[in-house]
Amino acid sequence: MNPTLNVTLSAKDLTLQHGNTTIVESLNLTLPEGKVTAIVGPNGCGKSTLLNGLSRIHHPSHGGVLLDGKDIHKQASRDVARRLALLPQDTIAPDGITVSELIRFGRHPHQSALKQWQMSDQEAIDYALKAADLSALKDRLLDTLSGGQRQRAWIAMSIAQETPLLLLDEPTSALDLGHQIEVFELIKALSEEGKTVAMVVHDLPSACRYADHIVAMKSGKIISEGCPKDVMTKELVLELYGIECDLMPDPMTGSPILINIKRVQSE
Amino acid sequence: MMSWFRTPPAQRSVVSVFMPVALLLAFCCVSSLLLGAGSVGPNASLQVLLGKGTSDAIFIVYELRLPRLYIGLTAGLCLGVAGALMQSVARNPLAEPGLLGVSAGSAFTVAVALTLGMSLSTLPIELAQIGALLGCFFVIGVAKMQGQRNDPVRLVLAGAALTSLLTAMTSLLLMYNEQAADEIRFWVTGSIAGRNIEQLTRVLPSLLIAFVCVLYVARPLASLALGERVAIGLGYKPSRIRLIVVLAVALLVGAATAIAGPVIFVGLVVPFAARALVGPDIRRTLWLCLPLGPLMIITADVFSRLIAQPTEMPLGVLTAIVGAPVLLAIVRAQRLPTL
């Protein structure tokens, strides 16, 4: 059941453009296996574009993305979908869809017109329901759930895809604090079961608390990368967001939190 | 029974909806054989169906009404399915082949062919399908111009512009066509009268191809409803899905236009009704479109013979008259299912 097979995902000299504007420039990155990587940075720094590049949605204008050492765009999209799951920001829930119907879509890469529904599909769905703690809600309509439950259902769809890699674009951006933590804890639990996770996150303290690896981006480049305690400095926060602050370890978890936040007048 | 009404459409079993609609369709099919504008009434027609009856009545039922029924079934099937596909791929409940210029494109190429001396009964179906395809590409071109965000109003405006332009040009061509008999004038607004079975056999190959396309594309199209990136994440290629859908729509609309003229409203009302009955999942909607499309055309056709006896009204007028109130009822009845 567990995605034991390890799969690597890396960007080599990756350049991504929108039209003629370069969003991500000559970027090199390898996602640490079995860890949670958080991509952080100010608005417009290219972090979502990077995630789109890593997940083959955005085609590179230079360099490339390697999945298992091979160019991701030279592999069949269905084969990629069996190793890499993606939860974008702009998901649309059709009217009247239930939790388990949504999760069933995650099995599409494993099915075909001839091989429609098998035991392994039901097992994967039951597992996803359990992992996302949705077993009791599986027949509920998606519209009737709370924001956090809904997002967990989408993540459960990715779990049902049974991929060793999971990429999430701002999975908590529309959620209140309680629901954010609900979703982050699920993501953390998935990585503890062996998944390699990369997510774009806006909230620095959450990124520090739930990620093992931080990638800080500014203007399409990685300016700092490593474990939260090493990466997170006053200088980095100032460079990323133009704010001054002090950092102190969270009394409970020890991960860095920001205090005394002041905006610096831009020059 | 009450629980059926309280169940959200998307959670009803397709069979529980499909069966009553199919029964209703069967009833309408029998009615269409029994009722007509001429002198052969229901009783005389019934005698024919029971193996008796005068030779006049036999001719009318088997040579006129039966082919007409088959043509109606086929055209309804094509337009209902094409409408559902088009609305789903455009994520726009107003994306109907008749409104977006696809039928008009098809009708225009047919009119050109007629002007060049071809006859409606020997016309190559492919011509109508190429016209439909050109109409599709025009609409897609406009849809692409609007960028990522889908603007339903602009799509429909562009379609309306294309439709009026092509309809005007079609009328103009046919006006100067000396062969423009009643058959063709009726055909322009949509009609399934005076066709023969041979025309039907000519559209069957393209229907088969469209059927295979639909089988292949239904699952990817359903996942595209979750968002473009989600579909890519599940291993699908949205651009390929769209292309196949457009081809299927062109084949279906072209075939329907060639045999029944540019019938409007069927591709709009049928998917609307199907969604109201079984929800927005295209794999379920398509099942319901199979009986609903023919049901609408055949009902309209039966009325077209009865309203202005002893003459007939064009089918297209009737589908609009039947279609518009249905659409209004759906719009008023409940919260519209989103696409």
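Look up a bit, the structure's there.
Worth saying up front: this structure is predicted, and the values here are computed from it rather than measured.

Asker: What exactly am I supposed to notice about the overall build of chain B here?
Answerer: Broken down by element type, chain B carries 14 helices and 0 strands. Order of helices (α) and strands (β) in chain B, N terminus to C terminus: α-α-α-α-α-α-α-α-α-α-α-α-α-α. Residue burial in chain B is summarised as follows: out of 339 residues, 51% are buried. Within chain B, contacts between residues separated by at least 24 positions form 77% of all contacts whose residues are at least 6 apart in sequence.

Asker: It is not clear to me how the interface of chain A and chain B should be interpreted in this structure. Could you clarify?
Answerer: Buried accessible area, meaning the area lost when the parts come together, often serves as the stated size of an interface. Chain A puts 21 residues into the contact, and the matching count from chain B is 24 residues. Of all elements in the fold, only α2 (77-81) and β6 (84-87) of chain A reach the threshold of two or more residues within the side of chain A that touches chain B. No other element matches α2(A), which puts 4 residues into the side of chain A that touches chain B. The class makeup of the residues in the side of chain A that touches chain B is 13 nonpolar, 5 polar and 3 charged.

Asker: Is there a simple way to explain the sheet that holds strand β10 (residues 221-226) of chain A in this structure?
Answerer: Hydrogen bonds between backbone atoms are what pair the strands of a sheet, whose relative direction is either parallel or antiparallel. All names here are of chain A. Reading across the sheet, the 6 strands line up as β6-β7-β8-β3-β9-β10 and stay open at both edges, with mixed pairing between neighbours. Both edges of this open sheet fall to β6 and β10, since each of them pairs with a single strand only. Each neighbouring strand pair of the sheet contributes to a mean axis angle of 15 degrees, computed without reference to strand direction. Where β6 and strand β7 (residues 165-169) come together, 4 bridges link them in parallel fashion. The residue bridging Ala85 from the neighbouring strand is Leu166, located in β7. Where helix α1 (residues 47-54) meets the sheet, its contacts fall on β3 (36-40), β7, β8 (196-200) and β9 (213-218), and the angle it forms with β8 comes to roughly 145 degrees.

Asker: Looking at this structure, I do not really get the packing of helix α4 (residues 55-90) of chain B against helix α13 (residues 282-306) of chain B. What am I missing?
Answerer: Two packed helices can be described by the angle between their axes and the distance between those axes. All names here are of chain B. Look at α4 against α13: their axes get within 7 Å of each other, and the N-to-C directions meet at 140 degrees. In terms of orientation, α4 lies oblique with respect to α13. As for how α4 packs across α13, the hand of that crossing is right-handed. Among the residues making up the contact of α4 with α13, the classes are represented as 17 nonpolar, 6 polar and 2 charged.

Asker: What's the story with the nonpolar core in this structure? I'm lost.
Answerer: One recurring pattern in soluble globular proteins: nonpolar side chains tend to sit buried together. Within the largest apolar cluster, 174 residues are counted, with the highest numbers of intra-cluster contacts made by Ala156(A), Val249(B) and Leu252(B). Looking at this core, the element that brings in the most residues is α4(B), giving 17 residues. Leaving out residues up to four positions away in the same chain, Val249(B) has contacts with Ala82(B), Leu85(B), Met86(B), Pro97(B), Val102(B) and Cys136(B).

Rules used throughout
Residues numbered from 1 in each chain as written. Chains lettered and ligands numbered in written order. Predicted model: local features only at pLDDT ≥ 70, side-chain atom pairs only at ≥ 80, totals over all residues. Helix = DSSP H or I, 4+ residues; strand = E, 2+ residues; numbered from the N terminus. Buried ≥ 20, exposed ≤ 12 C-beta atoms within 10 Å, placed from the backbone. Contact = placed C-beta atoms within 7 Å. Nonpolar A, V, L, I, M, F, W, Y, C, P; charged D, E, K, R; others polar. Pairing = 2+ DSSP bridges. Axes fitted to C-alpha atoms, helices over the stretch in contact; angles between N-to-C directions. Parallel < 35°, antiparallel > 145°, perpendicular 65-115°, else oblique. Left-handed = near helix turned anticlockwise from the far one by under 90°. Core = buried A, V, L, I, M, F, W, Y, C linked by C-beta atoms within 7 Å.

So yeah, pure geometry; function would need other evidence.
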